[in-house]
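Take a look at the letters that make up each chain.
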Amino acid sequence: GENVEQHPSTLSVQEGDSAVIKCTYSDSASNYFPWYKQELGKRPQLIIDIRSNVGEKKDQRIAVTLNKTAKHFSLHITETQPEDSAVYFCAASLALQGAQKLVFGQGTRLTINP
Amino acid sequence: EAGVAQSPRYKIIEKRQSVAFWCNPISGHATLYWYQQILGQGPKLLIQFQNNGVVDDSQLPKDRFSAERLKGVDSTLKIQPAKLEDSAVYLCASKAGRGNEQYFGPGTRLTVT
């Protein structure tokens, strides 16, 4: 089955700097890669996702890149702000006709220092 | 649009006791998931329903965990008997038919003492 590895486990950056979180997956058939943000004591919320037919996707200050050959994908946050502090999870899934089974990484605790 | 609802939000029980969690997905969402999130880890899928049928329960410890979604809407997850290692947050999520995004509920934090 699918296995997702996420690095680093903790990341601390200065406000305004960029943050990068990386994930690798094992199943080459996976075709859907979402990123979730989870604030302390709250539910995970989708912040961006990418499908395997796209190499990069951007939404304001966040972007995701996908390298299918190497089986890794990354989350990029630019111009970080204090409200970006949270735990971020990557996930991988084989999505077929509505069926979807997400396998999550272990999470990265991002701290933005003012 | 109302979100995914879960209850209770917190539960403390002793080992070997039983506990049940309830989830009400977003209206019209056919797919419902139960995840277990142990502190410091990512959510792990326990069971996935499509309407009232089980799609995947390969990671559900069936000797102690059970789940049902009788009318294809609400779902319950039960643990009987509980073990210390079952202490975790139990998250319910739902997804529309062909959509990609899973919407998570607030979770139930279970502490087994």
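Here's what I pulled together on the structure shown here. (Residues numbered from 1 in each chain as written. Chains lettered and ligands numbered in written order. Predicted model: local features only at pLDDT ≥ 70, side-chain atom pairs only at ≥ 80, totals over all residues. Heavy atoms only, no water.)

**Let's talk about the overall build of chain A**
Applied cut-off: Each helix corresponds to a stretch of at least 4 residues labelled H or I by DSSP, and each strand to a stretch of at least 2 residues labelled E; elements are numbered beginning at the N terminus. In this scheme, a residue with accessible area under 20% of its type's maximum is buried, one over 50% is exposed, and one in between is partly exposed, where area comes from a 1.4 Å probe on protein chains only. Any pair of residues with heavy atoms lying within 4.5 Å of one another is described as a contacting pair. The Shrake-Rupley method, run with a 1.4 Å probe sphere, supplies the accessible areas, and residue values consider only the shown protein chains as cover. Charge assignment: positive for Lys and Arg, negative for Asp and Glu; neither His nor the chain ends contribute. Where a charge sits is defined by one atom per residue type, namely NZ (Lys), CZ (Arg), CG (Asp) or CD (Glu).
A tally of regular secondary structure across chain A gives zero helices and 11 strands. Along chain A, from the amino end to the carboxyl end, the secondary structure elements read β-β-β-β-β-β-β-β-β-β-β. If one aligns the C-alpha atoms of chain A with their principal axes, the spans along those axes are about 45 × 30 × 20 Å. Out of the 114 residues in chain A, the part that is buried amounts to 45%. Taking as baseline every contact in chain A between residues at least 6 positions apart, the subset at least 24 positions apart corresponds to 54%. For chain A, the exposed area adds up to about 5700 Å²; of that, 47% sits on carbon and sulfur atoms. Side-chain charges of chain A comprise 12 positive and 12 negative groups, with the mean position of each set lying 6 Å from the other.

**Focus: the interface of chain A and chain B**
To keep it simple, the criterion reads: When two parts are brought into contact, each loses some accessible area as probed by a 1.4 Å sphere; the total of that loss over both is the buried area. Throughout this description, the term salt bridge denotes a Lys or Arg side-chain nitrogen within 4 Å of a carboxyl oxygen of Asp or Glu. Any N or O atom pair separated by 3.5 Å or less is treated as a polar contact, with the protein-specific requirement of one donor-capable and one acceptor-capable atom, and with residues adjacent in sequence counted only for side-chain atom pairs.
If you look at the interface, chain A gives 19 residues, while chain B gives 24 residues. Buried surface at the junction of chain A and chain B, summed over both partners, amounts to about 1700 Å²; 47% is from carbon and sulfur atoms. For the chain A face of the interface with chain B, the top three residues by lost area are Arg-43, Gln-100 and Lys-101 of chain A, together amounting to 33%. The interface formed by chain A and chain B holds one salt bridge in total. With a shortest N-O distance of 3.2 Å, Lys-101 of chain A and Asp-56 of chain B are connected by a salt bridge. The interface formed by chain A and chain B contains eight residue pairs in polar contact (both at pLDDT 80 or more). Secondary structure elements with two or more residues in the side of chain A that touches chain B: strand 4 (32–38) and strand 5 (45–51) of chain A.

**Considering the sheet that holds strand 3 (residues 19–25) of chain A**
Residue and element names in this part refer to chain A. What counts, and what does not: What makes two strands pair is DSSP finding at least two bridges between them. Axis angles are defined between N-to-C directions and span 0 to 180 degrees, where every axis is a line fitted to C-alpha atoms and, for a helix, only to the segment in contact.
Strand order in the open sheet formed by five strands is 1-3-8-7-6, and the pairing between neighbours is antiparallel. Edge positions in the sheet fall to strand 1 (4–7) and strand 6 (56–59), since each has one partner strand and no second. Adjacent strand axes in the sheet meet at a mean angle of 15 degrees when their direction is disregarded. Pairing of strand 6 with strand 7 (residues 62–67), which is carried by four bridges, proceeds in the antiparallel orientation. Bridge pairing in strand 7 links Lys-58 to Ala-63.

**Description of unusual backbone geometry**
With omega at -10 degrees, the peptide bond leading from Ser-7 of chain B into Pro-8 of chain B counts as cis. Relative to the elements of secondary structure, Pro-8 of chain B occurs in the loop between strand 1 (5–7) and strand 2 (10–13). Between Gln-80 of chain B and the following residue, Pro-81 of chain B, the backbone shows a cis peptide bond with an omega angle of -5 degrees. One non-glycine residue with positive phi stands out, namely Glu-79 of chain A, at about 45 degrees. Its place among the elements puts Glu-79 of chain A in the loop between strand 8 (72–77) and strand 9 (86–92). With a relative accessible area of 54%, Glu-79 of chain A lands in the exposed category. The residue Arg-16 of chain B is not glycine, and still its phi comes out positive at about 80 degrees.

**Examining the environment of Gly-42 of chain B**
Relative to the assigned elements, Gly-42 of chain B resides in the loop between strand 4 (31–37) and strand 5 (44–50). Of the residues examined, Gly-42 of chain B reaches a relative accessible area of 13% and is grouped as buried. C-alpha of Gly-42 of chain B to C-alpha of Cys-23 of chain B: the two residues are 19 residues apart in sequence and 20 Å apart in space. Setting aside residues no more than four positions away along its own chain, Gly-42 of chain B makes contact with Phe-89, Phe-104, Gly-105 and Gln-106 of chain A together with Gln-36 and Gln-37 of chain B.

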